[in-house]
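Breakdown of the fold
Residues per chain are reported as follows:
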Amino acid sequence: MNKEYDVIVVGAGPGGCSAAICLARRGCDVLLLEKEQFPRGKVCGDGISPPALETLDRLGILPEIIGKSPWKIDGLVISSPAGQAVTASFSHLKGPFPFGLVMPRREFDFLVLQQARKYSNIEILENWEVKDFIDQNGSVRGVKAQSDGRKGEFLAKFLVGADGAYSVVARKTVSREKKFQQGAFGIRAYFKGVKGLTHQSEIHCDRAILPGYGWVFPTGEDSANVGVGIASRHLKENNIRNLFQTFVEGTPFVKERLRGARMVENSLQGGPIPLGSFFRRRSRKNVLLVGDAGGFTDVLTGEGIYFALRSGECAAEAIHSALKSPEEMEKVGRIYEGLWRNALRSREFLFGSFVQRLIVREFFLNRNIARALKKPSMALNLASILCHQKTKMGLLF
Ligand SMILES: Cc1cc2nc3c(=O)[nH]c(=O)nc-3n(C[C@H](O)[C@H](O)[C@H](O)COP(=O)(O)OP(=O)(O)OC[C@H]3O[C@@H](n4cnc5c(N)ncnc54)[C@H](O)[C@@H]3O)c2cc1C
């Protein structure tokens, strides 16, 4: 007879580890299944925002991360198609961490998983890929997984899908409907020998790559994660590799500084960014989706680490309250929907997608950045909006 866990978490990225740690702290018996062996890479800009640091602090991981001396970020430079650049400083942000970090995901995710290993009630199985689900009266009773040709079945009362943008949990158990889903795609590479890097991350909305945008996120004094992202609806008429090439070779803010720099071999890789949707369903019966599996990323920037960590916390809270009283078991999905909508301000997904469609236009970008240069309070506002402390609607006025 197979052991029954309280919860199976599929995927050990930031979303899965956050859920597992929060569940373990509440005394739940957790199985964390991960198809890769860590440390493993993940295509990302590697930017960890101030709100993400608050969540990492709650999870007890921040000291270890800071201990590795990642590159500290004290603001964001945003440049317009007209060539003007404004700095949105983080110094005035509310909260204990008015700064961000850049840390390659291979290192960051490994540290987060190491934290999960500290809990004896989290069993971690790496190299185990979840392929299918065990159904019982319309609810998920467990998962079917494979590892190097071996097959295994694992049972649990609840399932958390934290298996990223291509989530098998989402596809097979929750979001069979496709409507209202929206996405973006990003591509990045690591460069060494980059000139003129500071403690500011950079976002460049160059005319040549609109409606996409490019970023330079410093990972050290002369090394950076450089990439471009674009909403998937524009991908038909834009080849993302060409956009990347245009960005690194043609963008005034970037090309001089990359001249003579070396792209790290095999580091040019792309991946989907499932932009947050107000409408999308993140739960079904005893299954909850967190992070990219649930389509939780910021609709303007594609930031997803904070959303993965935070939705993991919400899923753990919902499951814990359902486990406490049997009559709540049925309501776990509803509890979770309420918690994440409140914590992640779900209306911002709605406003954000509206704002995003307007803001990627040259006129808006030029106007807003020119105005922010004249009015310092607007630049401060920009940082608050990007760090989820103010509504995105503020970008339109
Ligand atoms: C180009 C690009 C740039 C980005 N830049 C940033 C940025 O700078 N800052 C930021 O905050 N966000 C950024 N994001 C978004 C961010 O990378 C994601 O939102 C974040 O990784 C989501 O975390 P997660 O835990 O939900 O999923 P993931 O980090 O994808 O982890 C999912 C895990 O599940 C495992 N898994 C998958 N399928 C299975 C299975 N069947 N069985 C078992 N395990 C499985 C995977 O191996 C993986 O370890 C970027 C994304 C892209 C594509």
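Residues numbered from 1 in each chain as written. Predicted model: local features only at pLDDT ≥ 70, side-chain atom pairs only at ≥ 80, totals over all residues. Heavy atoms only, no water.

**Section: the nonpolar core**
The nonpolar side chains of a soluble globular protein tend to be buried, and buried together. For clarity, the threshold we go by: The term nonpolar core refers to a set of buried residues drawn from Ala, Val, Leu, Ile, Met, Phe, Trp, Tyr and Cys, joined through side-chain atoms within 4.5 Å. Here the term buried applies to any residue with accessible area under 20% of the maximum for its type, exposed to any over 50%, and partly exposed to those in between, with areas from a 1.4 Å probe on protein chains only. Only runs of H or I of at least four residues qualify as helices and only runs of E of at least two qualify as strands under DSSP, and these elements are numbered from the N terminus. Boundaries between domains were set according to an automatic or database domain assignment. Any two residues whose heavy atoms approach within 4.5 Å are treated as being in contact.
If you look at the biggest cluster of nonpolar residues, it comprises 61 residues, and the most contacted ones within it are Val-9, Leu-32, Ile-48, Leu-56, Ile-122 and Tyr-336. Among the elements that make up this core, the one with the highest residue count is helix H8 (residues 305–324) (10 residues). Inspection of this core shows a minimum of three residues originating in each of domain 1 (4–68 + 104–181 + 275–344) and domain 2 (71–102 + 184–273 + 358–396). The residues touching Leu-56, leaving out its near neighbours within four places in the chain, are Ile-48, Ile-61, Leu-62, Ile-65, Phe-108, Val-112 and Leu-309. Counting 32 residues, the second-largest nonpolar core is a separate cluster that includes Leu-210, Ile-369, Met-378 and Leu-382.

**Description of H8**
Filter applied, for reference: Given the number of residues in a helix, its expected span is that number minus one, multiplied by 1.5 Å.
For H8, built from 20 residues, the straight-helix expectation of 28 Å at 1.5 Å per residue is met to within 8% by its first-to-last C-alpha distance of 29 Å. Of all 20 residues in H8, 14 are buried, a share of seventy percent or more.

**A word on the site of the ligand**
Our working definition: For this description, a residue counts as near a given molecule or strand if any of its non-hydrogen atoms is within 4 Å of it. Polar contacts, as used here, are pairs of N or O atoms within 3.5 Å; protein pairs need one atom able to donate a hydrogen and one able to accept it. Residues neighboring in sequence count only if both atoms are side-chain atoms. Per-residue accessibility takes into account occlusion by the displayed protein chains alone, with areas from the Shrake-Rupley method and a 1.4 Å probe. Each residue gets one of three labels, nonpolar for Ala, Val, Leu, Ile, Met, Phe, Trp, Tyr, Cys and Pro, charged for Asp, Glu, Lys and Arg, and polar for the others, Gly among them.
Not every one of the 40 residues close to the ligand is listed here, only the nearest: Glu-34, Gly-45, Gly-47, Asp-292 and Gly-304. Note that an oxygen atom of the ligand is positioned 3.4 Å from one of the side-chain N or O atoms of Lys-42. Measuring from a nitrogen atom of the ligand, one finds a backbone N or O atom of Gly-304 at 2.8 Å. Within the complex, 93% of the 1000 Å² of free accessible area of the ligand lies under protein. Of all elements in the fold, only helix H1 (14–25), strand E9 (129–136), strand E12 (184–192), strand E14 (213–218), strand E17 (269–273) and H8 reach the threshold of two or more residues within the shell around the ligand. Top element by residues in the shell around the ligand is E17. It accounts for 3 residues. Broken down by class, the residue content of the shell around the ligand amounts to 17 nonpolar, 12 polar and 11 charged. Per-domain counts for the shell around the ligand show at least three residues from each of domain 1 (4–68 + 104–181 + 275–344) and domain 2 (71–102 + 184–273 + 358–396).

**Some words on the packing of aromatic side chains**
Test applied: Think of it this way: a Phe, Tyr or Trp ring, Trp meaning its six-membered ring, pairs with another when their centres are within 6.5 Å, and the plane angle makes it stacked under 30 degrees, edge-to-face over 60, tilted otherwise. The rule is short: NZ of Lys or CZ of Arg within 6 Å of the ring centre and within 35 degrees of the ring normal puts a charge over the ring.
On inspection of all chains with the given rule, the structure shows 12 aromatic pairs. Arranged with centres 6.0 Å apart and planes meeting at 35°, the rings of Trp-215 and Phe-217 form a pair that is tilted. When sorted by exposure, Trp-215 lands in the same class as Phe-217, which is buried. One aromatic cluster is present, formed by Phe-296, Tyr-306, Phe-307, Trp-340 and Phe-349 through successive ring pairs. Just above the ring of Phe-99 sits the side chain of Lys-72; from NZ or CZ to the centre is 4.3 Å. Lying across the ring of Phe-278, Arg-341 places its NZ or CZ 4.9 Å from the centre.

**Side note on the sheet that holds strand E4 (residues 71–73)**
Condition: Only when DSSP finds a minimum of two bridges between them are two strands counted as paired.
Pairing in this open sheet of 3 strands is antiparallel, and the strands run E3-E7-E4 from one edge to the other. The sheet terminates laterally at strand E3 (47–48) and E4, the two strands that pair on one side only.

**Quick look at the pattern of salt bridges**
Convention followed: The rule for a salt bridge is simple: a side-chain nitrogen of Lys or Arg has to be within 4 Å of a carboxyl oxygen of Asp or Glu.
Taken as a whole, this structure holds 17 salt bridges when the rule is applied. Across the pair Asp-109 and Arg-105 runs a salt bridge, and its minimum N-O distance is 2.8 Å. Here Asp-109 and its partner Arg-105 are both found in helix H4 (residues 105–117), 4 residues apart, which amounts to about one turn of the helix. Taken as a pair, Asp-109 and Arg-105 share a single burial class, namely buried. Between Glu-362 and Arg-207 there is a salt bridge whose closest N-O contact spans 2.6 Å.

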